[in-house]
Amino acid sequence: RSMMQRVLGGLEKAARVICVSKAVRNELISFGRIDPARVLVVPNGVHPSCTVDKDLAADSEAARLLDCGREVIDLLHVGSTIDRKRIDLLLRIFAEVRAREPRVRLIRVGGPLTDNQIDLRDRLGLQDAVVELPFLSRPVLAAVYRRAALVLQPSEREGFGLPVAEALACGTPVVASDLAVFREYGEDAV
C-alpha cells in the first residue's frame, strides 16, 4: 500500500502519464487523484517477427524444439508463472481438454513452473503433456505462435496482454479470461 501511495504521488506530479491500455487508464483515473486530461494511452506494439509470414530459419528451430515424432495438437501459453497468470487454472483447463482429446499438449514459454505448479501438474497426470521451452528469440517465439492451434491466457489481471496481441498478429486464435484489456485489444477475435 505504501508503494502504491508513493507511485500515485509521483503520478500526481507528472505533466503526462502514459498508459498501455484504456483499461489501465480507466483504473488509474478511478483513484481520483490524477486529472484525466493528463493521462494518455500509448499501446505497446508487437515485434516485427510477429506475423503470419513464414521465417524458414525460425520455423525450422521451432520444429526442432517441438516435433515429437507423433501427431499432436499444441496449445500454447506465453507468460510468467506469477500468481496472477493463473497457471493453476491453465493446468486444470488443460487437463479437461486432454481428457477429451489425448493428442493435445501444452507448450509453456516464459519461465519454469513453480514447485506448487509442478505438484498440480503431476496430480493432474500431465507430466508428459506439458512442454516447457527455454528462452526463445523473438523470431522463434513467433514461429511457435504460428505452430500452435490455440493460445490460452487465463490471467486474472493484465495491463496489456502482449501474448494476446502477439498471437493474433501471428494468426493464432486466442482463448483468454474476460478482462477489459483483452476485450480492448482482442475485440471479438479473442
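Structure: above.
Residues numbered from 1 in each chain as written. Predicted model: local features only at pLDDT ≥ 70, side-chain atom pairs only at ≥ 80, totals over all residues. Heavy atoms only, no water.

**Q** Please clarify how the nonpolar core should be interpreted in this entry.
**A** Soluble globular proteins tend to pack their nonpolar side chains together in the buried interior. The biggest cluster of nonpolar side chains holds 26 residues, and the ones touching the most others in it are Leu76, Ile107, Val109, Leu133, Leu136, Val144 and Tyr145. Among the elements of the structure, helix H3 (56-66), strand S3 (73-78), strand S4 (104-109), helix H6 (138-147), helix H7 (162-169) and helix H8 (180-186) are those that each provide at least two residues to this core. The greatest single-element share of this core, amounting to six residues, is contributed by H6. Leaving out residues up to four positions away in the same chain, leucine 133 has contacts with Leu65, Leu66, Ile107, Arg108, Val109 and Val144. Phe94, Ala95, Val104 and Leu120 belong to the second largest nonpolar core, which has 14 residues in total. (Core = buried A, V, L, I, M, F, W, Y, C linked by side-chain atoms within 4.5 Å. Buried < 20%, exposed > 50% of the residue type's maximum accessible area, 1.4 Å probe, protein only. Helix = DSSP H or I, 4+ residues; strand = E, 2+ residues; numbered from the N terminus. Contact = heavy atoms within 4.5 Å.)

**Q** Sorry, what's going on with a nonpolar patch on the surface here?
**A** The grouping of Met3, Met4, Val7 and Phe31 at the surface amounts to a nonpolar patch, some 390 Å² of accessible area in total. Inspection of the secondary structure assignment puts phenylalanine 31 in the loop between helix H2 (22-30) and strand S2 (39-41). On the accessibility criterion, phenylalanine 31 (40% relative accessible area) is partly exposed. (Patch = residues over 30% accessible without salt bridge, like charges linked within 9 Å, V, L, I, M, F, W, Y side chains within 5 Å. Areas by Shrake-Rupley, 256 points an atom, 1.4 Å probe, with all protein chains shown as cover. Salt bridge = Lys/Arg side-chain N within 4 Å of Asp/Glu carboxyl O.)

**Q** Whenever I open this one, the layout of surface pockets confuses me. Can you help?
**A** In this structure, the largest pocket spans a volume of roughly 390 Å³. Elements with a contribution of two residues or more to the lining of the largest pocket: helix H1 (2-13), H2 and H8. Across the lining of the largest pocket, the residue classes tally to 11 nonpolar, one polar and five charged. Put simply, the second largest pocket is a space of about 180 Å³. Mapped onto the lining of the second largest pocket, the elements with two or more residues apiece are H6 and H7. Per-element accounting of the lining of the second largest pocket gives the leading share, three residues, to H7. (1 Å grid on protein atoms, 1.4 Å probe; cavity = no way out; pocket = protein on both sides within 12 Å on 5 of 7 lines; lining within 4 Å. Points joined across faces, edges and corners; volume = space filled by probe spheres on them. Nonpolar A, V, L, I, M, F, W, Y, C, P; charged D, E, K, R; others polar.)

**Q** For this particular structure, what's the right way to read the packing of aromatic side chains?
**A** Geometry of an aromatic ring pair is reported as the spacing of the ring centres plus the angle between the planes. Here the structure, examined in full by the defined rule, presents one aromatic pair. Each ring, one from phenylalanine 160 and one from tyrosine 185, has its centre 4.7 Å from the other, and the planes form 55°; the classification is tilted. Placement of phenylalanine 160 in the loop between strand S6 (150-153) and H7 and of tyrosine 185 in helix H8 is noted, with a sequence separation of 25 residues between them. (Phe/Tyr/Trp six-rings, centres within 6.5 Å; stacked < 30°, edge-to-face > 60°.)

**Q** I keep staring at the environment of cysteine 170 and nothing clicks. Help me out?
**A** Mapped onto the elements, cysteine 170 comes out in the loop between H7 and strand S7 (174-176). Between the C-alpha atom of cysteine 170 and that of valine 151, which follows or precedes it by 19 residues, the distance is 11 Å. If near-sequence neighbours (up to four positions away) are discounted, cysteine 170 is found in contact with Cys50, Thr51, Val52, Ala142, Tyr145 and Arg146.

**Q** I'm lost on the sheet that holds strand S5 (residues 130-133) in this one. Help?
**A** As a general point, the strands of a sheet are linked pairwise by backbone hydrogen bonds and lie either parallel or antiparallel. If you trace the five strands from one edge of the open sheet to the other, you get S5-S4-S3-S6-S7, paired in parallel fashion. Two strands in the sheet have a free side with no partner beyond their single neighbour: S5 and S7. Sheet twist, expressed as the mean angle between neighbouring strand axes with direction ignored, is 25°. Judged from the two bridges that link them, S3 and S6 form a sheet pairing that is parallel. Residue pairing in the sheet places leucine 76 in a bridge with valine 151 of S6. Of the strands in this sheet, S3, S4, S5 and S6 touch H6, which is tilted by about 135° from S3. (Pairing = 2+ DSSP bridges. Axes fitted to C-alpha atoms, helices over the stretch in contact; angles between N-to-C directions.)

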